[in-house]
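Chain and residue survey
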Amino acid sequence: MMSTETVFESGDQPCIRLEPLKSTHLPGKSTPTGGSCAVFTDSSPKATANGLHDIEDRILRITGYYGYNPGYSSHRREDGSESHAETPGSETSVESQSFHTCANTALKVLGGLLMVLCVSSSWVGTTQVVKLTFQSFSCPFFISWFSSNWNILIFPIYYSGHVVTTREKQTPIQKFRECSKLFGEDGMTLKLFVKRTAPFSILWTLTNYLYLLALKKLTATDVSALYCCHKAFVFLLSWIVLKDRFMGVRIVAAIMAITGIVMMAYADGFHGDSFVGVALAVGSASTSALYKVLFKMFLGSANLGEVAHFLSTMGFFNLIFISCVPLILYFTRVEHWGSLSSLPWGYMCGLAGLWLVFNILVHVGVVLTYPILISIGTLLSVPGNAAVDLLKHEVIFSVVRLAATCIICLGFLLMLLPEEWDSVTLRFLATIADKKSEDHGEELTDSSTHTRSRSRANGTVSIPLA
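Quantities reported herein were computed from a predicted structural model and do not represent experimental measurements.

**Some points on the overall build of the chain**
- A count of helical and extended segments in the chain gives 18 helices and two strands.
- Considering the chain as a whole, with its 466 residues, one finds that 38% of them fall into the buried category.
- Nonlocal contacts in the chain, meaning residues at least 24 apart in sequence, comprise 75% of its contacts between residues at least 6 apart.

**Quick look at the packing of aromatic side chains**
- Under the criterion given, the structure shown has 26 aromatic pairs.
- An angle of 85° between the planes, with centres 6.3 Å apart, marks the rings of Phe 200 and Phe 295 as edge-to-face. In this pair, Phe 200 is assigned in helix 7 (residues 190-217) and Phe 295 in helix 11 (residues 272-299), connecting sequence segments 95 residues apart.
- Here the aromatic rings of Trp 239 and Phe 246 are separated by 5.1 Å at their centres, their planes lie at 45°, and the arrangement is tilted.
- Among the aromatic residues, those joined into a cluster by ring pairs are Phe 137, Phe 142, Trp 145, Tyr 330, Phe 331 and Trp 337.
- Positioned above the aromatic ring of Phe 134, the side-chain terminus of Lys 216 is 6.0 Å from the ring centre.

**A short note on helix 10 (residues 248-266)**
- The end-to-end C-alpha separation of helix 10 is 27 Å, in line with the 27 Å expected for 19 residues at 1.5 Å each.
- Restricting attention to buried positions, one finds in helix 10 the residues Val 249, Arg 250, Ala 253, Ala 254, Met 256, Ala 257, Gly 260, Ile 261, Met 264 and Ala 265.

**Remarks on unusual backbone geometry**
- At Lys 243, a residue that is not glycine, the phi angle is positive and equals roughly 60°.
- Inspection of the secondary structure assignment puts Lys 243 in the loop between helix 9 (230-240) and helix 10.
- You can call Lys 243 exposed: its relative accessible area is 66%.
- The phi dihedral of Arg 333 falls on the positive side, at around 65°, and the residue is not glycine.

**Let's talk about the pattern of salt bridges**
- Applying the stated criterion to the full structure yields three salt bridges.
- Salt-bridge contacts for Arg 401 lead to Asp 222; the nearest nitrogen and oxygen are separated by 2.8 Å. In this pair, Arg 401 is assigned in helix 17 (residues 399-415) and Asp 222 in helix 8 (residues 220-227), connecting sequence segments 179 residues apart.
- A salt bridge links Asp 244 to Lys 296; its shortest N-O distance comes to 3.3 Å. Of the two residues, Asp 244 is situated in the loop between helix 9 and helix 10 and Lys 296 in helix 11; the sequence distance between them amounts to 52 residues.

**Overview of the nonpolar core**
- Residues Phe 137, Phe 142, Leu 215, Leu 226 and Val 278 are the most contacted members of the largest nonpolar core, which totals 66 residues.
- Take this core: its biggest share by element is eight residues, from helix 7.
- Not counting residues up to four positions away in its chain, the partners in contact with Phe 137 are Phe 142, Ile 143, Trp 337, Leu 343, Pro 344 and Met 348.
- Among the nonpolar cores identified, the runner-up in size contains 19 residues, and Cys 179, Leu 203, Phe 310 and Leu 356 belong to it.

**Side note on the packing of helix 4 (residues 140-149) against helix 7**
- Contact geometry for helix 4 and helix 7: axes closest at 9 Å, N-to-C directions at 135°. Judged on the interaxial angle alone, helix 7 and helix 4 are oblique. The interaxial crossing formed by helix 4 with helix 7 has right-handed handedness. Here Pro 140, Phe 141, Ile 143, Ser 144 and Ser 148 of helix 4 lie close against helix 7, whose contacting residues are Trp 204, Thr 205, Asn 208, Tyr 209, Leu 212, Leu 213 and Lys 216.
- Residues that form the contact of helix 4 with helix 7 fall into these classes: seven nonpolar, four polar and one charged.

**Comments concerning the packing of helix 7 against helix 8**
- At a minimum axis distance of 9 Å, the contact between helix 7 and helix 8 shows a crossing angle of 145°. The handedness of the crossing between helix 7 and helix 8 comes out as right-handed. Residues Thr 207, Tyr 211, Ala 214 and Leu 215 of helix 7 lie in contact with helix 8, whose contacting residues are Ala 220, Val 223, Ser 224 and Tyr 227.
- Looking at the contact of helix 7 with helix 8 residue by residue, the class counts come to six nonpolar, two polar and no charged.

**Remarks on the environment of Ser 312**
- Structurally, Ser 312 can be placed in helix 12 (residues 304-321).
- It is 8.7 Å that separates the C-alpha atoms of Ser 312 and Asn 149, two residues lying 163 residues apart in sequence.
- Sequence-distant contacts of Ser 312, defined by excluding residues within four places in its chain, comprise Asn 151, Ile 152, Ile 154, Phe 155 and Pro 156.
- At 2.7 Å, the side chain of Ser 312 and the backbone nitrogen of Phe 155 are in polar contact.

**Quick notes on a nonpolar patch on the surface**
- Residues Leu 107, Val 109, Leu 110, Leu 113, Tyr 370 and Ile 372 make up a contiguous nonpolar surface patch of about 540 Å² in total accessible area.
- Considering every element that reaches the nonpolar patch, the biggest residue donor is helix 3 (residues 88-133), with four residues.
- Relative to the assigned elements, Tyr 370 resides in the loop between helix 14 (345-368) and helix 15 (371-379).
- By relative accessible area, which is 32% here, Tyr 370 ends up partly exposed.

**Focus: helix 12**
- With 18 residues, helix 12 ought to run about 26 Å at 1.5 Å a step, and its terminal C-alpha atoms sit 26 Å apart, in line with that.
- Most of helix 12 is tucked away, with 13 of its 18 residues classed as buried.
- In this structure Asn 303 caps helix 12, since a side-chain oxygen of it lies 3.3 Å from the backbone nitrogen of Gly 305.

**As for the confidence of the model for the chain**
- Looking at the chain as a whole, the pLDDT averages 78, with 74% of positions reaching at least 70.
- Within the model, pLDDT remains below 50 along residues 1-52, and this stretch shows 64 contacts once partners closer than five positions in the same chain are excluded.

Definitions and cut-offs
- Residues numbered from 1 in each chain as written.
- Predicted model: local features only at pLDDT ≥ 70, side-chain atom pairs only at ≥ 80, totals over all residues.
- Heavy atoms only, no water.
- Helix = DSSP H or I, 4+ residues; strand = E, 2+ residues; numbered from the N terminus.
- Buried < 20%, exposed > 50% of the residue type's maximum accessible area, 1.4 Å probe, protein only.
- Contact = heavy atoms within 4.5 Å.
- Phe/Tyr/Trp six-rings, centres within 6.5 Å; stacked < 30°, edge-to-face > 60°.
- Lys NZ or Arg CZ within 6 Å of the ring centre and 35° of its normal.
- Expected span 1.5 Å × (residues − 1).
- Salt bridge = Lys/Arg side-chain N within 4 Å of Asp/Glu carboxyl O.
- Core = buried A, V, L, I, M, F, W, Y, C linked by side-chain atoms within 4.5 Å.
- Axes fitted to C-alpha atoms, helices over the stretch in contact; angles between N-to-C directions.
- Parallel < 35°, antiparallel > 145°, perpendicular 65-115°, else oblique.
- Left-handed = near helix turned anticlockwise from the far one by under 90°.
- Nonpolar A, V, L, I, M, F, W, Y, C, P; charged D, E, K, R; others polar.
- Polar contact = N/O pair within 3.5 Å; in protein donor to acceptor, adjacent residues only side chain to side chain.
- Patch = residues over 30% accessible without salt bridge, like charges linked within 9 Å, V, L, I, M, F, W, Y side chains within 5 Å.
- Areas by Shrake-Rupley, 256 points an atom, 1.4 Å probe, with all protein chains shown as cover.
- pLDDT = per-residue confidence, 0-100.

This is the structure:
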């Protein structure tokens, strides 16, 4: 800002007017009465270190400068401007923060891709080992009960990981009581244990039992494809029970899933083992969907420790209360086996271990990575089982079954679209259109500049048509 010295002479009374200071931007004030007005300006080039600009602070306080704080004079603002000017350090910190964010995102994506392969492999292995076990031991409920008992190990595995990854050390009993708050503030009681665990444990057992029964009637590829329909059933139940948002694209996906089910049942005619197998697989998908909706309704805000606690609790419930069912089936000759030494323990332990790994990966992967990748891992089990059936078991797939499988998988992918997918797509297309228009405008500008330069060189003026 430029400062000038002006003397007004009017009358006999002199008046002193303060000019705005160089760095405080104070407005000048003139008196309505006449008189000679002398101007005093700060002629010192710079304040000393001990001066602290007391005069300037007093002027700011007297004149009521807007936003004035004691001691906030021009030298403070100059220092602030100098510190503000030194922005390369802050820019470097912002760049490093963005770099760390990108690195974390990349690691999360890579971990998610690895999780996809593990989920898909464990589910394919589980399904194929079940088919191998049925060759020597055809007792699906006993296999389901034996495998579900292994869920007891989930909480000890979680506690081991918690001890390794955290500095806060808690005893197993303390951690168990902390995670028991899932059942209420008072922890887990016998009444709450039965009330909360029984419905989920029954649905869990039915899902596994119907899935194994379907594997006795159909190929692993058909059963895994039909099981993927549980995603559509989850949407329909959530829309009806939980009042989730209605989405037209997911209704289309549900229709596609139902179409695939009908085509799968029609592949060999609506009779025989094929139709029964399709009904069993759809029943398994339905009970799985009901289990997930109820879990979301009652335990939706549970953390990883509480989920591990709940799954281990279901394992205990299965061991204590459902153990009577295999015994009833044994004595009624529905599922009869010989001596315990004759059972294929190798296949059964391998099956239970793979099932346990799959359950852990599904529940842990949702926390560590993106949930959509876990769903994609489940979907990839369909082509994985198809490859094993085609190469090892030499299964010949009919055109109708292939079409039904493709329709179900496509509907599953549509279910994975986010709720705001339409607005995100429109914004993406608008961004592409704006970028193309900007590029086109730059091309027109470059062409007009080139045309004008050539016209000037020739001594003529040409106006290009846009």
